[in-house]
Amino acid sequence: MKRFLVSACLAGVPCRHDGRANLVEAVAEMVARGEAVAICPEVAGGLPVPRVEAEVQGGSGDAILQGRARVVGADGRDLTESFLAGAHAALRLARAFGATAAVLKARSPSCGSGAIYDGTFSRKLVPGDGVAAALLKRAGLEVMSDEEFSP
Ligand code: SF4
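In this text the structure is predicted, and so the values were computed from the model without any measurement. Residue indices begin from 1 for each chain and proceed along its sequence in written order. Local features in a predicted model are, by the rule used here, given only for residues with pLDDT of at least 70; side-chain atom pairs are given and counted only at 80 or more, and totals for whole chains, interfaces and linings are based on all residues. Hydrogens are left out, water is left out, and the side-chain values use all remaining heavy atoms of the structure.

## A short note on the environment of Gly58
Numbering goes from the N terminus for both helices and strands, where a helix is a DSSP run of H or I of at least four residues and a strand is a run of E of at least two. Here Gly58 shows up in the loop between β3 (54-57) and α3 (61-65). Each C-alpha atom of the pair Gly58 and Leu23 lies 30 Å from the other, and the pair is 35 residues apart in sequence. Residue contacts are defined here by distance: any two heavy atoms, one from each residue, within 4.5 Å place the two residues in contact. For Gly58, the residues in contact, after removing those within four places along its chain, are Ala63, Arg68 and Ala69.

What follows is the structure, given as structure tokens:
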């Protein structure tokens with residue numbers, strides 16, 4: 001059985017920055033069946049719910065992993081360390097669970113894959129991954145967004 005790591009908000013956990021979830025029934029059912037394990041990297045990294053909106057500035061998740069970019073809150077606070085801690089927590093959980101693939105929320109600065117917001121808080125997208133998605137890809141997991149996932 002293929003095992004997945006999934007964004008907790010897709011499984012119905014209200015862990016988004018605004019305190020809401022992004023429930024995708026098929027993802028929640030995978031968790032209920034024991035085929036997937038859920039994590040919110042931002043909460044795992046120590047950030048609260050609700051929390052200030054954040055975006056990657058100066059690159060994408062890969063650049064963060066290389067120390068060449070940072071994650072900044074809409075209030076100007078540097079949140080890079082929390083995002084890195086959460087990404088590593090997600091990777092540890094994926095390994096412990098035996099996940100070889102991940103279904104992650106599109107466009108998030110942690111979970112986004114393929115496209116994230118550009119750091120200007122103007123809803124403009126740029127190519128790249130969020131911090132957790134980038135780390136999971138580096139570790140060899142197949143990462144797809146909820147919009148690409150078909151159960
Ligand atoms: Fe969902 Fe990921 Fe954002 Fe957590 S960090 S709320 S799991 S998209």
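On we go.
## Structural notes on the packing of helix α4 (residues 80-97) against helix α5 (residues 131-138)
Packed helices, taken two at a time, are described by the angle their axes make and the gap between the axes. To obtain an axis, a line is fitted to C-alpha atoms, over the contacting stretch when the element is a helix, and the angle between two such axes runs from 0 to 180 degrees between their N-to-C directions. The contact between α4 and α5 brings their axes to 8 Å, and the two run at 40 degrees. Considering their axes alone, α4 and α5 lie oblique with respect to each other. The handedness of the crossing between α4 and α5 is right-handed. Residues Phe83, Leu84, Ala87, His88, Ala90, Leu91 and Ala94 of α4 form the contact with α5, whose participating residues are Val131, Ala132, Leu135 and Leu136. Here the contact of α4 with α5 is built from residues that sort into 10 nonpolar, one polar and no charged. By definition in this entry, angles of less than 35 degrees are roughly parallel, angles greater than 145 are roughly antiparallel, angles of 65 to 115 are roughly perpendicular, and the rest are oblique. If you view the pair so one helix is near and one far, a crossing is left-handed when the near helix is turned anticlockwise from the far one by less than a right angle, and right-handed when it is turned clockwise. Only Asp, Glu, Lys and Arg are considered charged, only Ala, Val, Leu, Ile, Met, Phe, Trp, Tyr, Cys and Pro nonpolar, and every remaining residue, Gly among them, polar.

## So, the sheet that holds strand β5 (residues 101-104)
In spatial order, the strands read β2-β1-β5-β8; together these four strands make up an open sheet with parallel pairing. Strands at the two margins of the open sheet, each flanked by one partner only, are β2 (36-39) and β8 (142-145). Direction aside, the axes of adjacent strands within the sheet are offset by 20 degrees on average. Should DSSP find at least two bridges between two strands, the strands are taken to pair. Examined bridge by bridge, strand β1 (residues 4-7) and β5 share three bridges and lie parallel to one another. Bridge assignment links Leu5 to a residue of β5, and that residue is Ala102.

## What about the side chain of Glu35?
Checked against the element boundaries, Glu35 lands in the loop between α1 (25-32) and β2. Any pair of N or O atoms that falls within 3.5 Å is considered a polar contact. Within protein, one atom must be able to donate a hydrogen and the other to accept it, and sequence-neighbouring residues count only if both atoms are side-chain atoms. In this structure the side chain of Glu35 is engaged in a polar contact, spanning 2.8 Å, whose partner is the side chain of Arg33. Leaving out residues up to four positions away in the same chain, Glu35 has contacts with Met1, Lys2, Arg3, Phe4, Met30 and Phe97.

## What to know about the pattern of salt bridges
By definition here, a salt bridge exists when the distance from a side-chain nitrogen of Lys or Arg to a carboxyl oxygen of Asp or Glu is within 4 Å. Tallying each qualifying case throughout the model produces 10 salt bridges. Across the pair Glu142 and Lys2 runs a salt bridge whose closest N-O atoms are separated by 2.9 Å. Taken as a pair, Glu142 in strand β8 and Lys2 in the segment before β1 lie far apart in primary sequence, 140 residues in all. The cut-offs for exposure are 20% and 50% of the maximum accessible area for each residue type, with area from a 1.4 Å probe on protein chains only; residues under the lower value are buried, those over the upper are exposed, and the others partly exposed. Lys2 sits in the partly exposed class, given a relative accessible area of 40%.

## Describing the nonpolar core
What makes a nonpolar core is a set of buried Ala, Val, Leu, Ile, Met, Phe, Trp, Tyr and Cys residues whose side-chain atoms join them at distances within 4.5 Å. One finds Leu5, Val71 and Leu136 to be the most contacted residues of the largest nonpolar core, which totals 31 residues. Broken down by secondary-structure element, the contributors of at least two residues to this core are β2, β3, α3, α4, β5 and α5. With eight residues, the top contributor of residues to this core is α4. With near-sequence residues (within four places) excluded, Val71 lies in contact with Ala54, Glu55, Val56, Ile64, Arg77, Asp78, Leu79, Thr80, Phe83 and Val131. Ranked by size, the runner-up nonpolar core spans 16 residues in total, among them Val6, Ala8, Leu10 and Met144.

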